[in-house]
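Topology and contacts: notes
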Amino acid sequence: MKAEPDKGGGGGGGGGAGPPGPQSQSLWAAAAVAAAALTLYNSMSDGISGSREITQADFIRDVLESGEVRHIVIVNKNRAKVYMRSPSLAEQSQPSYEVSLGNVGSFEKRRRAQADLGVAPRDYVNVTHESQVSVANELLKVGPTLLLIGFWAAFMMRGGLGGMMGGGGGGGGGGGRNIFQVGKSKPTIVTKEKSTGVAFKDVAGLAEAKNEVMELVDFLKRPERYKELGAKIPKGALLSGPPGCGKTLLAKATAGEANVPFLSISGCSDFIEMFVGVGPARAKAMQPCIVFIDEIDAVGKARGRGGNFGGNDERENTLNQLLVEMDGFSSTGQIVVLAGTNRPDTLDSALLRPGRFDRQISIDPPDVKGRVKIFNVHLPKVRTKDNAEELAAKLAALTPGFSGAEIANVVNEAALIAARNEKDYVYLDDFHAAMDRVIGGLEKKSKVMTVEDKTRVAHHEAGHAVTGWFLEHASPLLKVSIVPRGVAALGYAQYVPKEKKLHTKEQMMDTMCMMLGGRVAELLFFKDVSTGAQDDLSKVTRLAYSLVTTYGMNDKIGNRSYPPPNDGRMASQRPYSEETAEVVDEEARALANEAYDRTVALLTERKELVKVLAEKLMEKEVILREDVIAVLGERQWDDGSEQLGAGLLSGDAAAATAACRADGGPHSARQRPPKP
């Protein structure tokens, strides 16, 4: 996307200062020549007179004893100039020797050695003192200070570090500008003659959000149609949702099809500069137009938060200015403000009221239909042998919870893997390896496990797989591996979470049992447990407390809900009494113990199946759904296995296993379980 050039100051998207002009170059050249001349003069001034520098001992022994010394001049109490007797007046006027004096008193004592030489006091060498000021020396003393002042002046006039580095990137809006022009941020401007290269047809899986934004664009294109009915233009729309779901992409598409000027700026320092400077005036001059503010939570947080106790908070001043510009006495014209944020809950309530951001558009991760559409956008860009529509349907079924950015990354990573393996086409196994690598990370080939650890991990993962296989509400199993991947995972069982909006207590209890399957399997086969179940226990604890305190699924607590913190961590301060807290702890412990006892009974009954599956894991390291079916048989509940089977590799299972082991990590339901 090309930004329209602005005639004054730094450029829009990271434009630095331009090259120095002829005048500044000549000033720097003159300063350099002057400094070099002063240094040269200072270094040569001592040698112009032709005098020779000697030590005090040489002066007493070789010069003073000769009796040819006419007089001595001590300059600035640190240097002695010795003048010798000579028939030539020119030689008498110039010192023949120079002596450096560390201490004038010591030199005077040495000079009194004339008495030891039998010289009469009236014939002593005449000594005078004088002070001299060297222009070169004085300038050299203040030279560093002058250089610093000049450096500072150049820094200011050239726009700071960005200017000195030859127009380095200015991060978003105005890096490299004159420092005295702060407040004159240049947003990225896309006029109707320009194009971002993104259209609404490129935005897939966001049908509702796209319709909302298209209506805003239509209002700016044809305002008379709405004014005839008495409708007013919405002042703004807030795009909120998790990262990677398409907020910025939707804004780019809006800029590409709006046919009105589009001003884009980030919600950081450049946004602050824009709204306390000439930004509103520029927007009003270009109306009708659209202003897009990315990451508005950087400046739009609720006032009074953030620990700023000073009386003049720049961020709050910027927010106040934004509120006034969007709906104040001076707000006029056809200007629509689009804003994107990942944290709408932190925004100031005055910013979210009708009249400012009239519409709040939630952009969530796409469902299976949306993922099919997104894959259909990206798959034609790579060379595949399979039919694009069928391949998109298969991959969409295997990527629940993926955002649009993750899907684009999967397609690109699959093409990279195919190119790395010298393939002519991108095959389905490349997409599987890409999904593993994007979500789970690289295979840790350097992490070699002992036979004992490998056996324990195999039984742990087999316990998860068998438990989930024989529970009705558990997520369908896709893959089991004992290959170390990522930061700390020594193995994983990969599930495909069911896309449900509502969950019952029975479903969540089955999920808890599946999470405890690994720990129970270790206890049954090794008579003790390891630290490998730490993450499982953490999730079981959160789910048990959620059943009791959040979802009202406990008889003793009753129909009450105490929502946990938004970050998903356990609350440090409980919003209920100590007596209630004791009941909550007891009930959560009872739920976890119930799930544990149920898992122990299930795996004890099917212990032989766990053993066989663990042995197969030890042999192959990675097993797919077909291998699990061969050991455990078909599941007795319909879990969409036909759709999953269509998405699995149709070729040799061993080849698929090798491909997965070589190139990726898991998208594990145990790592990202479905949230009720």
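What counts and what doesn't
- Residues numbered from 1 in each chain as written.
- Predicted model: local features only at pLDDT ≥ 70, side-chain atom pairs only at ≥ 80, totals over all residues.
- Heavy atoms only, no water.
- UniProt positions renumbered as here; feature names shortened; annotations may be inferred.
- Patch = residues over 30% accessible without salt bridge, like charges linked within 9 Å, V, L, I, M, F, W, Y side chains within 5 Å.
- Areas by Shrake-Rupley, 256 points an atom, 1.4 Å probe, with all protein chains shown as cover.
- Salt bridge = Lys/Arg side-chain N within 4 Å of Asp/Glu carboxyl O.
- Lys, Arg positive; Asp, Glu negative; His and termini not counted.
- Charge placed at Lys NZ, Arg CZ, Asp CG, Glu CD.
- Helix = DSSP H or I, 4+ residues; strand = E, 2+ residues; numbered from the N terminus.
- Pairing = 2+ DSSP bridges.
- Axes fitted to C-alpha atoms, helices over the stretch in contact; angles between N-to-C directions.
- Buried < 20%, exposed > 50% of the residue type's maximum accessible area, 1.4 Å probe, protein only.
- Core = buried A, V, L, I, M, F, W, Y, C linked by side-chain atoms within 4.5 Å.
- Contact = heavy atoms within 4.5 Å.

If you look the chain up in an unreviewed UniProt entry, it shows as AAA+ ATPase domain-containing protein from Emiliania huxleyi. Among the UniProt annotations of the chain, the heading Cofactor (unreviewed entry) holds the following wording: "Zn(2+)". UniProt annotates the chain under Subcellular location (unreviewed entry) with the comment "Mitochondrion membrane".

With respect to a negative patch on the surface
Together, Glu 578, Glu 579, Glu 582 and Glu 586 make up a negatively charged patch on the protein surface. Tracing the chain through its elements places Glu 586 in helix H21 (residues 578–605).

Here we look at the sheet that holds strand S14 (residues 622–624)
The three strands lie next to each other as S13-S12-S14, forming an open sheet whose pairing is antiparallel. Two strands close off the open sheet at either side, each with one partner strand: strand S13 (492–495) and S14. Put simply, the sheet's adjacent strands are angled 15° from each other on average, direction ignored. Note that strand S12 (residues 477–481) and S13 share four bridges and pair antiparallel.

What to know about the pattern of salt bridges
On inspection of all chains with the given rule, the structure shows 16 salt bridges. For Arg 359, the salt bridge identified is with Glu 215, shortest N-O distance 3.1 Å. Of this pair, Arg 359 sits in strand S11 (residues 359–362) while Glu 215 sits in helix H7 (residues 207–221); the two residues are 144 residues apart in sequence, bridging distant segments of the chain. Accessibility expressed as a relative area gives 22% for Arg 359, which makes it partly exposed. With a relative accessible area of 36%, Glu 215 lands in the partly exposed category. A salt bridge links Glu 605 to Arg 606, with the nearest nitrogen and oxygen atoms 3.6 Å apart. Judged by its relative accessible area of 61%, Glu 605 falls in the exposed class. Here the residues in one salt-bridge network are Glu 212, Glu 215 and Arg 359, joined through shared partners.

Focus on the nonpolar core
Grouped together as the largest cluster of nonpolar side chains are 49 residues, with contacts concentrated most on Val 466, Leu 477, Met 512, Leu 603, Leu 613, Val 628 and Leu 632. When residues of this core are traced back to their parent elements, those giving at least two are helix H18 (451–469), S12, S13, helix H19 (505–526), helix H20 (534–549), H21, helix H22 (607–620) and helix H23 (625–632). In terms of residues, this core owes the most to one element, H19, which gives ten residues. Excluding residues that lie within four positions of it along the chain, Leu 632 makes contacts with Val 466, Trp 469, Phe 470 and Leu 609. Residues Ile 233, Leu 239, Leu 250 and Ile 363 belong to the second largest nonpolar core, which totals 28 residues.

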